[in-house]
Amino acid sequence: MMTVYMKAVIVMALKVTNPDGKTWYGAKVEVDLVLKKGTYNFNNFTPAGYGLTITGEISGGDGGSPATNTISISNLSKAHEDLFKTKEHIVVKAGGYDMFGIIGEGNITKVSPEARDGEDHSISITFVAGKDYSKNKKIYNAYSGAKTVKHSYKTSTGKTITWTTSKKKNINIRFKKGVKAKTIIQRIARESGIPIAVLHLKKNKVYKHGYTLTKKPEAAIKAIVKDCGSKFQYRIDDIVIDYDEKPKLWQTHLYLTLKDGLVNMPTINDEDGKKATWTVVTYLNPLVANGSVFYVAENIKSLVRVKNYTHSLDDMQTSCEVEMV
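For the structure given in this document, a descriptive report is provided here. Just so it is clear, the model here is predicted, and its values are computed rather than measured.

Moving on, we get to the packing of helix α3 (residues 181–192) against helix α4 (residues 217–227). The geometry of α3 relative to α4 is characterised by a closest axis approach of 10 Å and an angle of 160° between their N-to-C directions. When the axis of α3 is compared with that of α4, the two are roughly antiparallel. The two elements α3 and α4 meet at a crossing, and its hand is left-handed. The residues of α4 that touch α3, namely those facing Ala181, Ile184, Ile185, Ile188, Ala189 and Ser192, are Pro217, Ala220, Ile221, Ile224 and Val225. Here the residues of the contact of α3 with α4 are counted per class, giving 10 nonpolar, one polar and no charged.

Encoded structure:
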């Protein structure tokens with residue numbers, strides 16, 4: 001790990017040798033399928049993976065919802081195709097000549113039927129980063145005080161039939177007067193099982209009249225975070241709460257020019273009365289994710305922060321919308 005906050009693991013990848021002995025200077029793509037019985041590795045660069053094709057896009061942003069992404073893998077054996085099932089966890093890594101790391105991960109939600117194109121065949125895999133806790137009824141019921149009631153009935157033949165029902169009670173999670181936002185967030189997260197990787201609030205709001213939970217846990221946390229002038233967002237597979245005035249939190253130390261990193265000149269987007277944003281296209285770089293801060297020497301000539309991004313495994317480029325820090 002680069003820091004406690006950095007998800008991507010960067011390693012050197014200067015060159016790869018194919019089975020024919022020739023050196024290939026192309027970019028690397030790897031998919032790790034994490035199963036209970038072990039982790040399977042699929043890639044396009046080792047001898048065993050030569051001929052394997054991995055395509056698709058990995059995207060993310062600061063909108064507060066987990067990203068849904070789809071990739072395709074061609075030329076897998078039938079046995080390996082069958083390993084990819086819903087609810088299993090995958091990790092996607094990619095990079096160029098000198099950078100290689102995690103660009104996306106999450107749980108599989110859909111695996112398409114096998115598709116054939118001549119002699120090639122492929123599967124399409126859709127996965128979601130993190131979890132959408134807003135739809136988790138189990139977590140919500142834990143907060144609403146849902147009570148499981150057991151019932152039983154004895155028939156005329158003497159057989160006992162049992163069943164259970166769920167009965168909701170009033171909200172019973174309350175905080176005393178003067179409680180601070182961070183305390184509320186930490187308890188909600190702890191008791192609901194929502195993991196928060198980073199918790200930095202711009203202001204730790206004091207709730208003078210106390211606080212009573214009346215929303216689903218994720219919605220409640222988002223509302224409190226907003227009260228504190230901060231953002232709730234998913235970064236790759238982690239939940240992150242922070243605020244934009246802390247540029248060093250995700251500082252990548254990248255200095256991008258047309259000779260080093262940039263594919264073309266950055267272009268400014270329509271301001272539309274709001275803070276101006278720019279479109280920046282780089283060669284695929286795993287350090288670029290929402291919140292990442294780096295310096296662009298062309299046109300912008302400033303530190304910028306990423307609002308949203310897309311890593312393309314087809315052309316090995318990263319396109320992102322950024323704003324000046």
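What follows deals with the packing of aromatic side chains. Inspection of the entire model under this criterion finds six aromatic pairs. Ring plane angle 45° and centroid distance 5.4 Å describe the contact between Phe42 and Phe84, whose orientation is recorded as tilted. With a gap of 42 residues between them, Phe42 in strand β4 (residues 38–43) and Phe84 in the loop between α1 (78–81) and β7 (89–95) connect regions that are remote in the sequence. Judged by relative accessible area, which is 5%, Phe42 ranks as buried. By relative accessible area, which is 3% here, Phe84 ends up buried. Seen from their ring centres, Phe232 and Tyr234 are 6.0 Å apart, and the 80° between their planes marks the pair as edge-to-face. For Tyr234, a relative accessible area of 4% gives the class buried.

Here we come to the environment of Val149. Along the chain, the position of Val149 falls in strand β11 (residues 147–154). For the pair Val149 and Trp163, spaced 14 residues apart in the sequence, the C-alpha separation amounts to 8.6 Å.

Structurally, Asn43 can be placed in strand β4. On the basis of relative accessibility, which here comes to 4%, the residue Asn43 falls in the buried class. One polar contact links Asn43 to Asn41, side chain to side chain, over a distance of 2.7 Å. There is a polar contact of 3.1 Å between the side chain of Asn43 and the backbone nitrogen of Phe45.

Taking 1.5 Å of rise per residue, 12 residues should cover 16 Å, and α3 covers 16 Å from first to last C-alpha, within 8% of that figure. Listed as buried for α3 are Ala181, Ile184, Ile185, Ile188, Ala189 and Ser192. All buried residues of α3 project into a common sector of 125° when viewed along the axis, lining one side. A positive phi of about 80° marks Gly193, the residue just after α3.

Each value, and the rule that gives it
- Numbering of residues starts from 1 in each chain and follows the order in which that chain's sequence is written.
- Confidence filtering applies because this is a predicted model: local features only for residues at pLDDT of at least 70, side-chain atom pairs given and counted only at 80 or more, and all residues used for totals across whole chains, interfaces and linings.
- To obtain the side-chain values, all non-hydrogen atoms of the structure were included, while hydrogens and water were left out.
- The convention used is that axes are lines fitted to C-alpha atoms, helices contributing only their stretch in contact, and that angles between N-to-C directions extend from 0 to 180 degrees.
- Note on conventions: DSSP H or I runs of at least 4 residues are helices, E runs of at least 2 residues are strands, and numbering of each starts at the N terminus.
- The scheme is simple: roughly parallel for angles under 35 degrees, roughly antiparallel for over 145, roughly perpendicular for 65 to 115, oblique for anything else.
- Here is the rule for handedness: rotate from the far helix to the near one, and if that takes an anticlockwise turn smaller than a right angle the crossing is left-handed, while a clockwise turn gives right-handed.
- Throughout, a contact is declared for two residues whenever any of their heavy atoms are within 4.5 Å.
- Three residue categories are used. Nonpolar comprises Ala, Val, Leu, Ile, Met, Phe, Trp, Tyr, Cys and Pro, charged comprises Asp, Glu, Lys and Arg, and polar comprises the others, including Gly.
- Stacked, tilted and edge-to-face are the three classes assigned to paired rings of Phe, Tyr and Trp, where Trp is represented by its six-membered ring and a pair needs centres within 6.5 Å; plane angles under 30 degrees give stacked, over 60 edge-to-face, the rest tilted.
- Three exposure classes are used, based on accessible area relative to the maximum for each residue type with a 1.4 Å probe and protein chains only: buried under 20%, partly exposed in between, and exposed over 50%.
- In protein, a polar contact means a hydrogen-donor-capable atom and an acceptor-capable atom, both N or O and within 3.5 Å, with residues adjacent in sequence counting only if both atoms are side-chain atoms; elsewhere, any N or O pair within 3.5 Å suffices.
- A helix is expected to reach a length of 1.5 Å times the quantity of its residues less one.
- The directions from the helix axis to the C-beta atoms form the arc being described.

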